[in-house]
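Summary of structural features
So the chains spell out like this:
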Amino acid sequence: MSDPTASELPDAARDGRLSYAIFQLARAHRGHAAAMLRALNLHPGQELLLMQLFDRDGQTQGELLERAGLDHSTVSKSLRRMQEAGLLTREPAAHDRRVMVVSLTDAGRALREPIADMWRTLERISVRDLTPEQVDLFTTCARTIEKSVRDHSRQTPAG
């Protein structure tokens with residue numbers, strides 16, 4: 001019996017089966033991660049910002065933007081929500097009042113282990129039917145594909 005959740009490759013994607021598989025994988029993975037994040041009262045992407053702050057608290061909003069790899073509007077909206085939830089503070093930098101420094105509160109720091117546990121659980125779910133060698137190969141391939149797409153995006157302006 002076939003998996004009822006697995007969708008067949010649409011005819012229009014026939015010449016893009018790898019890209020379609022990546023899309024389907026990303027959608028399923030992100031959907032499961034989003035459900036896990038909701039249990040922590042977080043929205044997708046907020047955990048990425050928190051993880052950057054766990055590694056180096058007191059970053060500027062610009063540094064977080066660059067390190068998390070998210071767009072400006074997503075970061076601004078996420079930081080505002082997280083500040084309202086009491087997870088972080090944003091204060092003007094001493095050297096330039098236009099620059100905002102983002103720092104964790106005790107409530108934000110308390111999410112370090114729950115977020116790490118969430119990622120460990122998501123990893124166990126994701127790799128349960130793979131060998132360690134398959135995980136290594138997939139990770140290498142995924143990074144290569146990501147680099148190729150990013151390099152192409154830099155060379156070809158969107159529009």
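In short, a report on the structure.

Cut-offs and rules
- Counting from 1, residues in each chain are numbered in the order their sequence is written.
- Whole-chain, interface and lining totals are the exception, using all residues; otherwise, since this is a predicted model, local features are given only for residues with pLDDT of at least 70 and side-chain atom pairs are given and counted only at 80 or more.
- Excluding hydrogens and water, the side-chain figures rest on all heavy atoms present in the structure.
- The aromatic pairing rule takes the rings of Phe, Tyr and Trp, using the six-membered ring of Trp, and pairs them if the centres are within 6.5 Å, calling planes under 30 degrees apart stacked, those over 60 edge-to-face and the rest tilted.
- Counting from the N terminus, the helices are the DSSP runs of H or I reaching at least four residues and the strands are the DSSP runs of E reaching at least two.
- Criterion for a salt bridge: a side-chain nitrogen of Lys or Arg within 4 Å of a carboxyl oxygen of Asp or Glu.
- Burial classes: relative accessible area under 20% of the type maximum marks a residue as buried, over 50% as exposed, and values in between as partly exposed (1.4 Å probe, protein chains only).

Some thoughts on the packing of aromatic side chains
With the rule as written, the count across this model stands at 1 aromatic pair. A centroid spacing of 6.4 Å and a plane angle of 35° characterise the contact between Tyr20 and Phe23, whose relative ring orientation is tilted. Residue Tyr20 and its partner Phe23 are both found in helix α1 (residues 17-38); the two are separated by 3 residues, about one turn of the helix.

Overview of the pattern of salt bridges
If the charged atoms of two oppositely charged side chains come close together, the side chains can form a pair. Tallying each qualifying case throughout the model produces 13 salt bridges. In this structure, Arg80 and Glu84 form a salt bridge, with 3.7 Å as the shortest nitrogen-oxygen distance. One end of the pair, Arg80, and the other, Glu84, are both in helix α4 (residues 72-84), 4 residues apart, so they sit about a helical turn from each other. Using a relative accessible area of 37% as the deciding quantity, one classes Arg80 as partly exposed. Asp129 is the partner of Arg128 in a salt bridge, and the nearest nitrogen-oxygen pair spans 3.9 Å. Arg128 sits in the exposed class, given a relative accessible area of 63%. Relative accessible area serves as the criterion here: at 65%, Asp129 is assigned to the exposed category.

By themselves, these observations are geometric and do not establish any function.
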